[in-house]
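Listed below, chain by chain, are the residues.
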Amino acid sequence: LRTRDHARRAEAVADRAGAQVRESQRRHRIVSTLAPVGLFETDADGAVAYVNPRWCELTGLAPHEAWGDGWTAAFDLRGCDHLLAAWTAAVAGGREFQADLPLGPAAPTARWVSVATRPVHDASGAVTGHLGTATDITALKSTEGALREAEELLRGAFEDAPIGMLLTDLDGRVQQANDAFAELVGRAPDELPGSDWVTFLHPQEAGDDVVAAADLLTGRTDVHVREARLRHRSGDTVWVSLHVTVVRGADDRPLSFLAQVQDVTERRRFEGRLQHMADHDPLTGLLNRRRFEEELDRQVAHVRRYGDSGALLVLDLDHFKLVNDTLGHTIGDEVIAAVADLLRRRLRQTDLIARLGGDEFAVLLPQATAEEAARVADALVTEVRSAAMVVRGVRNRRVTASLGVAMFERPVEAGEEVLVNADLAMYDAKEAGRDGWALYASERHAEPRMKARVAWVERIHQALEEDRLLLEAQPIRDLASGEVTQYELLLRMRDEQGEIIPPAAFLAVAERYDLITDIDRWVASRAIELLHEHPGVTFEINVSGKSLNDPLLLETIETGLQISGVEASRLVVEVTETAAVANIAEAREFAERLARLGCRFALDDFGSGFGSFYYLKHLPFDYLKIDGEFVSGCLRSQTDQLVIEAVVRIARGLGKVTVAEFVGDEETERFLRDRGVDLAQGFHVGRPMPLDQLAGVGA
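Residues numbered from 1 in each chain as written. Predicted model: local features only at pLDDT ≥ 70, side-chain atom pairs only at ≥ 80, totals over all residues. Heavy atoms only, no water.

Peer 1: How should the overall build of the chain be read in this particular structure?
Peer 2: The helix and strand inventory of the chain stands at 23 helices and 27 strands. Counting over 699 residues, the chain shows a buried share of 43%. Across the chain, the fraction of contacts at a sequence separation of at least 24, relative to all contacts at a separation of at least 6, is 58%. Accessible surface, the chain as shown: approximately 36,600 Å² in total, 52% of it carbon and sulfur. (Helix = DSSP H or I, 4+ residues; strand = E, 2+ residues; numbered from the N terminus. Buried < 20%, exposed > 50% of the residue type's maximum accessible area, 1.4 Å probe, protein only. Contact = heavy atoms within 4.5 Å. Areas by Shrake-Rupley, 256 points an atom, 1.4 Å probe, with all protein chains shown as cover.)

Here is the structure:
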């Protein structure tokens, strides 16, 4: 009985265990069937005994096709012998296995799966098989591929960039630099990582980027741009343009600084040369009048604030016109250059010397007293008399000078006043017999000078109020057709008795006392009226450099064109090159606004400034008027001919029109036509004429 009872209990336990196993197997089948990843089981030898539906869906294989060793047919194993070897080793050693594999040709679409297996052990610890998963990682692979491609592109762009590229940590330590940057600082690329960025900067630049870095890190600015100096290993200075941004992580946290570093040394050197050309006289290398007047104004401001003294000397060569007329301009230029060298040798480095024009020089003695200025003036006159000489064959001609001295005394308001004072004193020296000097005395000079200026200011005011300004028209010929359909309008003033006053008599005063903008507005308004009266004609007008920033002038032009209905392209506004050079930014904006109105812009007296060709790039002009100095003597001067030919080629390349001024005879006009000049102007083409002679022109 006891034996039967034990048997029944054992049978019951076995039944319960079997039921549990069957339930476990049922659950396993359900989980396996519904699993989102492919599942497979192998025996201890690695032969597949089971695959779930997701496996079949991924691989495109039926279950029986995967049993045994058939599971490898699910993958594209070309070139994957090392993976097969790793699988065999994992089976033999009862170890885990993992690999990313592309599915084979049976798969419904090209996909990648991640296969991972682990061994299954029995109660004794022996390996009875392997349980594996196959997870679809196609999207992940695609993302990884895109990331790798992007990284390769960025790496290539960084390393192969023609400009320096530098990546630093937030403390300025170099993380990565390309070959171009290494070349800028004269080091091998592998020397740079770990270096402090500051060590490559010129000592005077160190510390300038601290505030900028803080602004970048806090987000106050997105980019930091400036020009700086680097130190090449050789000790040379390299000017660069820096463009610095912050590299941020996905959480917007700053990770690094990225700097683009472009070598601008040649550009800086070129700009320096252009600036020197714009500020200096080409014959002597001394400061030119424009630049010298800026220094005068600076000295006046210094005296006004601190009360220091200072002196201005104006020196003019005696009878110099005779040298030019009898011996020629070449000899005259040699004399000018010799006097300039004499002044440089005689004066201190702190003294400023300028050639104001022609044979006139100026010297600024910044802190000189009247006694010191007198000693210098006497020494210079003596030096010119003893050292400056024209040697011509067997005849020598001694050169002398007259010199005027003016002190910087309050309450002087502008440098021009001191210049006028020194000029007045210089004429006193000439009237006293030349070859000497004179000191400006306010009690002797001021009253008549001021009376004359006030009188001219009043006359200009009255001329504007009484409509006594007038225009004359000088014809401009089209050299291709021979026709005249364009005129330059030239300003004149009629005095109280009806006599014509040339512009040279009153325009300087108008400029000095800011009446020139009123005159320019009058000229523009009158020109538009004339365009309405002569529909087939184009008129050119001149404006002062002071009018370049006058909004009322542009408003006058715009309103006049709208009211009259005149075609804007028939109005050409001229600005001299020297005025444009002195106000380059204003000239550019002025020309651009004229273009928006439809008017055309002319750069007059081209070639009279130095740095002319540089300004072609920066001024949007339509007409280029070749300075008459190159035209009037072009038949005798090869230099003038080469300049004219160069200007024509450049203008044609830019699609602009060239106008030659000072055309005095038929032979010159023929030469200009043969060289491709578009328009000609001068006494040979026609002298300025009263407007009533235009009756019927362009009608």
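Peer 1: What is the right way to read the sheet that holds strand 12 (residues 352–357) from this model?
Peer 2: In sheet architecture, strand pairing relies on hydrogen bonds along the backbone and comes in two forms, parallel and antiparallel. Across the sheet, five strands lie side by side as 12-13-11-16-17; this open sheet has mixed pairing. One side of each edge strand has no neighbouring strand; the edge strands of this open sheet are strand 12 and strand 17 (437–439). Averaged over all adjacent pairs, the angle separating strand axes in this sheet is 20°, with direction ignored. Sheet analysis places strand 11 (residues 311–317) next to strand 16 (residues 401–407), joined by seven bridges and oriented antiparallel. When the sheet's bridge partners are listed, leucine 317 is paired in strand 16 with alanine 401. Of the strands in this sheet, strand 11, strand 12 and strand 13 (360–365) are in contact with helix 9 (residues 289–306), which crosses strand 13 at around 30°. (Pairing = 2+ DSSP bridges. Axes fitted to C-alpha atoms, helices over the stretch in contact; angles between N-to-C directions.)

Peer 1: Explain the nonpolar core here, please?
Peer 2: Grouped burial of nonpolar side chains is what soluble globular proteins tend to show. If you look at the biggest cluster of nonpolar residues, it comprises 69 residues, and the most contacted ones within it are Leu489, Ile557, Leu571, Phe590, Ile644 and Leu672. If you look at the next biggest cluster of nonpolar residues, it comprises 32 residues, including Leu313, Val363, Val381 and Ala401. (Core = buried A, V, L, I, M, F, W, Y, C linked by side-chain atoms within 4.5 Å.)

Peer 1: Just checking my understanding: could you explain the sheet that holds strand 8 (residues 224–231) for this structure?
Peer 2: The strand order 7-6-10-9-8 describes an open sheet built from five strands, whose pairing is antiparallel. Both outer strands of the open sheet, strand 7 (174–177) and strand 8, are each paired with one neighbouring strand and no more. Between one strand and the next, the sheet's axes are offset by a mean angle of 30°, whatever the strand orientation. Here strand 6 (residues 164–168) runs beside strand 7; their pairing, made up of three bridges, is antiparallel. Counterpart to leucine 166 in the pairing with strand 7 is alanine 177.

Peer 1: Sorry if this is basic, but what is going on with helix 4 (residues 81–93) here?
Peer 2: The end-to-end C-alpha distance of helix 4 is 18 Å, a good match for the 18 Å that 13 residues give at a rise of 1.5 Å each. Residues of helix 4 that are buried include every one of Leu83, Trp87, Ala90 and Val91, and no others. When helix 4 is viewed along its axis, its buried side chains cluster within an angular range of 100° and face the same direction. In helix 4, the exposed residues that point more than 90 degrees away from the buried face are Asp81, His82, Thr88 and Ala92. Where helix 4 is buried, its residues meet strand 1 (38–43), strand 3 (97–102), strand 4 (112–121) and strand 5 (127–136). A positive phi of about 65° marks glycine 94, the residue just after helix 4. (Expected span 1.5 Å × (residues − 1). Arc of directions from axis to C-beta.)

Peer 1: When you look at the pattern of salt bridges in this model, what are you seeing that I'm missing?
Peer 2: Close approach of charged atoms lets side chains of opposite charge pair. Under the criterion given, the structure shown has 30 salt bridges. Aspartate 252 is the salt-bridge partner of arginine 248, the closest N and O atoms lying 4.0 Å from each other. One connected set of salt bridges, linked through shared partners, spans Arg290, Arg291, Glu294, Glu295 and Arg298. (Salt bridge = Lys/Arg side-chain N within 4 Å of Asp/Glu carboxyl O.)

Peer 1: Would you explain the side chain of glutamine 681 in this entry?
Peer 2: Mapped onto the elements, glutamine 681 comes out in strand 26 (residues 679–681). Glutamine 681 sits in the buried class, given a relative accessible area of 2%. Excluding anything up to four places from it in sequence, glutamine 681 contacts Gln474, Pro475, Ile476, Glu488, Lys625, Val659, Ala660, Glu661, Phe662 and Val663.

Peer 1: What am I meant to see in the environment of glutamate 629 here?
Peer 2: Considering the arrangement of structural elements, one finds glutamate 629 in helix 21 (residues 628–632). Given the relative accessible area of 60%, glutamate 629 is considered exposed. Residues glutamate 629 and aspartate 640, spaced eleven residues apart in sequence, show a C-alpha to C-alpha distance of 8.3 Å.

Peer 1: Teacher, can you tell me more about the environment of alanine 134 here?
Peer 2: Mapped onto the secondary structure, alanine 134 falls in strand 5. Residue alanine 134 is classed as buried on the basis of its relative accessible area, which comes to 2%. Spatially, the C-alpha atom of alanine 134 lies 9.9 Å from that of glutamine 98, the residues being 36 residues apart in sequence. Non-local contacts of alanine 134, meaning those with residues more than four positions away in its chain, are made with Val37, Gly38, Trp55, Leu58, Val113, Ser114 and Val115.

Peer 1: Even after reading the chapter, I still don't get the pairing of strand 4, so can you show me in this structure?
Peer 2: The two faces of the sheet receive side chains in turn, since in a regular strand these alternate between them. Examined bridge by bridge, strand 3 and strand 4 share six bridges and lie antiparallel to one another. Bridging from a neighbouring strand, leucine 101 pairs with valine 113 of strand 4. Examined bridge by bridge, strand 4 and strand 5 share nine bridges and lie antiparallel to one another. Paired with proline 119 across the two strands is histidine 130, which belongs to strand 5.

Peer 1: Explanation requested: the packing of helix 11 (residues 329–346) against helix 12 (residues 370–387) in the structure shown.
Peer 2: Two elements in contact, helix 11 and helix 12, have axes separated by 11 Å at closest approach and are oriented at 135°. With respect to each other, helix 11 and helix 12 are oriented oblique. The two elements helix 11 and helix 12 meet at a crossing, and its hand is right-handed. Across the interface between the two elements, Leu342, Leu343 and Arg346 from helix 11 touch Ala379, Leu380, Glu383, Val384 and Ala387 from helix 12. Residue composition of the contact of helix 11 with helix 12, by class: six nonpolar, no polar and two charged. (Parallel < 35°, antiparallel > 145°, perpendicular 65-115°, else oblique. Left-handed = near helix turned anticlockwise from the far one by under 90°. Nonpolar A, V, L, I, M, F, W, Y, C, P; charged D, E, K, R; others polar.)

Peer 1: Quick question: what am I supposed to make of the confidence of the model for the chain here?
Peer 2: Note: predicted coordinates in regions of low pLDDT should not be interpreted at a detailed level. Of all residues in the chain, 82% have pLDDT values of 70 or greater, and the mean over the chain is 81. Mean pLDDT in the chain bottoms out at helix 18 (residues 577–582), which sits at 54, and peaks at strand 26, which reaches 95. (pLDDT = per-residue confidence, 0-100.)

Peer 1: Explain the packing of aromatic side chains to me, please; I cannot follow it from the model alone.
Peer 2: When we look at a pair of aromatic rings, we describe it by the centre distance and by the angle of the planes. All told, the structure shown has seven aromatic pairs when counted by the stated rule. Ring plane angle 80° and centroid distance 5.9 Å describe the contact between tryptophan 55 and phenylalanine 75, whose orientation is recorded as edge-to-face. One end of the pair, tryptophan 55, is in helix 2 (residues 53–59); the other, phenylalanine 75, is in the loop between helix 3 (63–66) and helix 4, with 20 residues separating them in the sequence. Judged by centre distance (6.2 Å) and plane angle (50°), the ring pair of tyrosine 487 and phenylalanine 539 falls under tilted. One end of the pair, tyrosine 487, is in strand 19 (residues 484–494); the other, phenylalanine 539, is in strand 21 (residues 538–542), and 52 residues separate them in sequence. Accessibility assignment for this pair places tyrosine 487 and phenylalanine 539 in one class, buried. Across the ring face of phenylalanine 621, the terminal group of lysine 656 is positioned such that the distance to the ring centre comes to 5.7 Å. (Phe/Tyr/Trp six-rings, centres within 6.5 Å; stacked < 30°, edge-to-face > 60°. Lys NZ or Arg CZ within 6 Å of the ring centre and 35° of its normal.)

Peer 1: Explanation requested: helix 23 (residues 666–674) in the structure shown.
Peer 2: Three or four residues apart is the spacing at which side chains of an α-helix point the same way, because the helix has 3.6 residues per turn. When helix 23 is considered as a whole, its buried residues turn out to be Thr668, Glu669, Phe671 and Leu672. Taken around the axis of helix 23, the buried residues stretch over an arc of 160°, which confines them to a single face. Tucked inside the fold, the buried residues of helix 23 contact strand 18 (469–478), helix 21, helix 22 (638–654) and strand 25 (657–660). The N-cap residue of helix 23 is aspartate 665: its side-chain oxygen and the backbone nitrogen of glutamate 667 are 3.2 Å apart. Looking one or two residues past helix 23, glycine 676 carries a phi angle of roughly 95°, positive in sign. (Polar contact = N/O pair within 3.5 Å; in protein donor to acceptor, adjacent residues only side chain to side chain.)

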